[in-house]
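Chain by chain, the residues run as shown.
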Amino acid sequence: MAGEVALSQALAYARDLKCAYETARAREAELVQANDRLREAYQQSLQYAIDLKKTYGRLQRAIFQGLLGLANALEAKDQYTRGHSTRVGELSRRLALAMGVTPLAAETIAQAALLHDLGKIGVPEGILTKPGPLTPEEWEIMRRHPVTGAQIVAPLEFFDEGAIIVRHHHERLDGSGYPDGLRGTRIPLGARIVAVADVYDALTSERPYRASLPHAEAMRVMLQERERTLDGRALDALVAVLGSARRPRAASRPALNGDDHAVADRPL
Ligand SMILES: [Fe+2]
């Protein structure tokens, strides 16, 4: 009798164990499925993140293109500055590459050069196109354009270095530039390069306040500024890139006076 009870109990335990085992197996299978679903969801969210990042990048590029269009439209309104940024962009790239800058960094410098004067959108047209000298008040407004330009491009995350170049493109080696009065190598290299390209293009272009200089004369003026206001290495690159490539045009204006570099420094 006692044996039958014991056997019956043992069978009941065995059934319970089997039941518990099957339940555990079922839970395990559910866990595996849940884990698979989680993994799929993770992969999907990863893909979403990648897609979002691509879309964000495309959006930022689109904004950049829009700003380029804005800069071009701003220049196109004035016959004297038409094409200036495109030329400064191309020359800056050539100078940067001649100085051994990596192609990627040269591209950033060229893009910053394309947008270097975007901040002039905040300068009244009457000041931008004024044929005579600017008053101190007008100069103060004009001198804000590098900061304004840097603020406009600041939201472009991929363009951090470009924004710095835009801000400092009117700094001078001796600290007499603006907006921060940086000296020497404290001025970012890209800004020193853009400054040389900017001054060269300004000197060799017609302006409402002066005639253009022939290439040789512009080079003479700029080389006098070597290590005073303009970077020596960037000037060497300018000579290497343009030195013998262009035949000097006939002089279209009388000899320079002491203020001519100041004229080139006028925000362009
Ligand atoms: Fe400028």
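Before reading further, recall that the structure is shown in the block above.
This one's a predicted model, so the numbers in the text were calculated from it and none came from an experiment.

Okay, the overall build of the chain next. Summing up its helical and strand segments, the chain has 11 helices and 0 strands in all. Across the chain, helices and strands are ordered from the amino to the carboxyl terminus as α-α-α-α-α-α-α-α-α-α-α. Over its C-alpha atoms the chain spans a radius of gyration of 33 Å, topping by over 25% the 18 Å that the globule rule assigns to 268 residues. The C-alpha extent of the chain, read off along each of the three principal axes, is 130 × 40 × 30 Å. The proportion of buried residues among the 268 residues of the chain is 39%. Long-range pairs, those at least 24 residues apart, make up 68% of the contacts in the chain between residues at least 6 apart in sequence. In the chain, which carries 35 positive and 34 negative side-chain charges, the distance between the mean positions of the two groups comes to 4 Å.

Distances from the iron ion to its protein donors, D117 (OD), H145 (NE2), H169 (NE2) and H170 (NE2), fall at 2.1 to 2.3 Å. In the primary sequence, the donor residues of the iron ion line up as D-x27-H-x23-H-H. Placement of D117 in the loop between α3 (103-114) and α4 (125-128) and of H170 in the loop between α7 (160-168) and α8 (189-203) is noted, with a sequence separation of 53 residues between them. Here the two residues D117 and H170 agree in accessibility, since each one is buried.

A separate point is the pattern of salt bridges. Applying the stated criterion across every chain, the model contains 14 salt bridges. A salt bridge links E107 to R93; its shortest N-O distance comes to 2.5 Å. Pair noted here: E107 is in helix α3 and R93 is in helix α2 (residues 84-98), with a separation of 14 residues, a long-range link. Judged by relative accessible area, which is 30%, E107 ranks as partly exposed. What makes R93 partly exposed here is its relative accessible area of 26%. One salt-bridge network, in which partners are shared between bridges, spans E90, R93 and E107.

Turning to unusual backbone geometry, a few remarks are in order. Each neighbour pair has its own omega, and for Y178 with P179 the value is 10°, a cis peptide bond. Note on placement: P179 falls in the loop between α7 and α8. With a phi angle near 60°, E227 is a residue other than glycine that sits in the positive phi range. Examined against the element boundaries, E227 turns out to sit in the loop between α9 (215-224) and α10 (232-242).

Grouped together as the largest cluster of nonpolar side chains are 46 residues, with contacts concentrated most on L95, L115, M222 and L238. Of all the secondary structure elements, the ones that give two or more residues to this core are α1 (2-76), α2, α3, α6 (145-153), α7, α8, α9 and α10. At 8 residues, the largest contribution of residues to this core is made by α8. If we ignore the near neighbours within four places in the chain, the residues touching L95 are I193, V196, A197, A234, A237, L238 and V241.

Their axes nearest at 9 Å, the elements α3 and α7 cross at an angle of 50°. In terms of orientation, α3 and α7 fall into the oblique class. Regarding α3 and α7, the two cross each other, and that crossing is right-handed. Touching T108, I109 and A112 of α3 are E161, G162, I165 and V166, all from α7. Its residues assigned to classes, the contact of α3 with α7 shows 4 nonpolar, 2 polar and 1 charged.

Let's shift gears to the packing of aromatic side chains. The geometry of an aromatic ring pair is captured by the separation of the ring centres together with the interplanar angle, meaning the angle of the planes. Under the defined criterion, the tally for this structure stands at 3 aromatic pairs. Residues F64 and F158 carry aromatic rings whose centres are separated by 5.8 Å and whose planes lie at 70° to one another, so their mutual orientation is edge-to-face. Placement of F64 in helix α1 and of F158 in the loop between α6 and α7 is noted, with a sequence separation of 94 residues between them. Taking relative accessible area as the criterion, F158 reaches 30% and is therefore assigned partly exposed. An aromatic cluster of three or more residues is present, and its members are F64, F158 and F159.

Quick look at the environment of T81 now. Considering the arrangement of structural elements, one finds T81 in the loop between α1 and α2. Looking at T81, the relative accessible area reads 14%, which means it is buried. Taking the C-alpha atoms as reference points, T81 and L118, 37 residues apart in sequence, are found 12 Å from one another. In this structure T81 touches E75 and R207, once residues within four positions along its chain are discounted. In terms of polar contacts, T81 uses its side chain to reach the backbone carbonyl oxygen of E75, at 3.3 Å.

Criteria and thresholds
Residues numbered from 1 in each chain as written. Predicted model: local features only at pLDDT ≥ 70, side-chain atom pairs only at ≥ 80, totals over all residues. Heavy atoms only, no water. Helix = DSSP H or I, 4+ residues; strand = E, 2+ residues; numbered from the N terminus. Rg over C-alpha atoms; globule rule 2.2 N^0.38 Å. Buried < 20%, exposed > 50% of the residue type's maximum accessible area, 1.4 Å probe, protein only. Contact = heavy atoms within 4.5 Å. Lys, Arg positive; Asp, Glu negative; His and termini not counted. Charge placed at Lys NZ, Arg CZ, Asp CG, Glu CD. Donors = N, O, S within 2.8 Å, 3.2 Å for Na, K, Ca; no water. Salt bridge = Lys/Arg side-chain N within 4 Å of Asp/Glu carboxyl O. Core = buried A, V, L, I, M, F, W, Y, C linked by side-chain atoms within 4.5 Å. Axes fitted to C-alpha atoms, helices over the stretch in contact; angles between N-to-C directions. Parallel < 35°, antiparallel > 145°, perpendicular 65-115°, else oblique. Left-handed = near helix turned anticlockwise from the far one by under 90°. Nonpolar A, V, L, I, M, F, W, Y, C, P; charged D, E, K, R; others polar. Phe/Tyr/Trp six-rings, centres within 6.5 Å; stacked < 30°, edge-to-face > 60°. Polar contact = N/O pair within 3.5 Å; in protein donor to acceptor, adjacent residues only side chain to side chain.

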